[in-house]
Amino acid sequence: RAEVGDDVFGEDPTVRRLEEMAAERMGKEAALFVASGTMANLVALLTHCGRGDEVIVGDQAHTFLSEVGGMAALGGIHPRPVPNQPDGTLRIEDLEAAIRPEDVHYPRTRLIALENTHNRCMGAPLTPDYMARVRALADRYGLKVHVDGARIFNAAVALGVPAAALARDADTVTFCLSKGLCAPVGSLVCGPADFIREARRVRKMVGGGMRQAGVLAAAGLVALETMVDRLAEDHRRARRLAEGLAEIPGVHVEAHRVRTNIVIFELDPRVPLDEAGFLQALQAHRVKLVGWGPRRFRAVTHYWIDDADIDHALRAIARVVGDALAGRTSG
Ligand SMILES: *Cc1c(COP(=O)(O)O)cnc(C)c1O
């Protein structure tokens, strides 16, 4: 029942309402609705940086590892990875050491890109205090700060702060409606009004101008209005999943590190299952995980996973691993 118009002409009232609500939630002047998180980060990076500019990113960052190298391929932007710490942060010393001095040999550092929560670091939330330290460094060197906040609302709920407190010290923030917030599609780029005006041109350039997009934005409004507070349930279930996994012989997980909705665990080398074998055996029990390396796996909790599903998953994993250790094939 969404009221729609042509959003390329700025005439879709539902998209506009979503953009206003997103900007308000992030404490920014304006926002732009885009098709995906990858497009959101791409549009933000292309707006911040020109060809040959350098972005400092975490070596485990989604923008660096999992966005098809879009910043380099489409923007001529040079990523400069520095090590992500287990808590998702980049050390201030490492950031400072990576900033290029003015030199004819070097690309120009323009931007520091962070990720909150950090997907590959067990969904760790970055704190307002850490953001303030990065801001102070960026200001000393005249750099911009971007946050890939695909799951920034998970961070906000886990830390008990408004999302705007996590966005305050960033120039721009992107977030996804389609992850924990459960909308079928869509992400937002949030920032200063003049930045978003420019980003709107870039969105059009990458083919992201959509027409009667209000039908998608309407789901985004539902997501922002009804799906944020309940994220605490996902976090509680993820913690319970991790604690249950820690009790299964042959499974290793640092359960105390689970702060949000992501659990990363490993199979002991003595469990005679390869990644495909483990995933396939679990599929037979209707449990879906993502393989993250030879013996590492990621599990994510969300709106459609309830307490009984956590029990079911734990039983299935215990059975598959137990059978493998006992030399039985599990079905
Ligand atoms: C999923 C994700 C994205 C990209 O979102 P898509 O909508 O899948 O393109 C970006 N950053 C992080 C941290 C993500 O988890």
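Being a predicted model, the structure only gives us computed values, none of them experimental.

A. Summary view of the packing of aromatic side chains. In total, this model carries five aromatic pairs according to the counting rule given. By way of ring pairs, the aromatic residues Phe265, Phe278 and Phe297 are connected into one cluster. Positioned over the ring face of Tyr106 is Arg100, at 5.1 Å from the centre of the ring. Arg120 extends its terminal NZ or CZ atom over the ring of Trp292, reaching a point 4.1 Å from the ring centre.

B. How the structure looks around the packing of helix α2 (residues 37-48) against helix α9 (residues 193-205). At a minimum axis distance of 9 Å, the contact between α2 and α9 shows a crossing angle of 115°. As α2 runs across α9, the sense of the crossing is right-handed. Counted together, Val43, Ala44, Leu46, Thr47 and His48 of α2 and Phe195, Glu198, Ala199, Val202 and Arg203 of α9 form the full contact between these two elements. When grouped by side-chain class, the residues that make up the contact of α2 with α9 number six nonpolar, two polar and two charged.

C. Inspection of the site of the ligand at higher detail. Ser36, Gly37, Thr38, Asn41, His62, Glu67, Glu115, Asp148, Ala150, Arg151, Cys176 and Lys179 make up every residue found near the ligand. Taking Gly37, its main chain carries an N or O atom lying 2.8 Å from an oxygen atom of the ligand. The protein chains hide 84% of the 380 Å² of surface that the ligand would expose on its own. Per element, the largest residue contribution to the shell around the ligand is three residues, and it comes from α2. Grouping the constituent residues of the shell around the ligand by class yields two nonpolar, five polar and five charged.

D. The arrangement of the domain arrangement of the protein in detail. With domains assigned, the protein is organised as domain 1 (7-226) and domain 2 (231-325). Computed from C-alpha atoms alone, the centre-to-centre distance between domain 1 and domain 2 is 29 Å. Listed per partner, the contact involves 17 residues of domain 1 and 17 residues of domain 2. When the two sides are added together, the surface that domain 1 and domain 2 hide from each other amounts to roughly 1,600 Å², 61% of it contributed by carbon and sulfur. Counting every contact that joins domain 1 to domain 2 gives zero salt bridges. The interface formed by domain 1 and domain 2 contains four residue pairs in polar contact (both at pLDDT 80 or more). Residues that form the side of domain 1 that touches domain 2 fall into these classes: ten nonpolar, five polar and two charged.

Rules used in this analysis
Residues numbered from 1 in each chain as written. Predicted model: local features only at pLDDT ≥ 70, side-chain atom pairs only at ≥ 80, totals over all residues. Heavy atoms only, no water. Phe/Tyr/Trp six-rings, centres within 6.5 Å; stacked < 30°, edge-to-face > 60°. Lys NZ or Arg CZ within 6 Å of the ring centre and 35° of its normal. Axes fitted to C-alpha atoms, helices over the stretch in contact; angles between N-to-C directions. Helix = DSSP H or I, 4+ residues; strand = E, 2+ residues; numbered from the N terminus. Left-handed = near helix turned anticlockwise from the far one by under 90°. Contact = heavy atoms within 4.5 Å. Nonpolar A, V, L, I, M, F, W, Y, C, P; charged D, E, K, R; others polar. Near = heavy atom within 4 Å. Polar contact = N/O pair within 3.5 Å; in protein donor to acceptor, adjacent residues only side chain to side chain. Areas by Shrake-Rupley, 256 points an atom, 1.4 Å probe, with all protein chains shown as cover. Domains from an automatic or database assignment. Buried area = accessible area lost by both parts, 1.4 Å probe. Salt bridge = Lys/Arg side-chain N within 4 Å of Asp/Glu carboxyl O.

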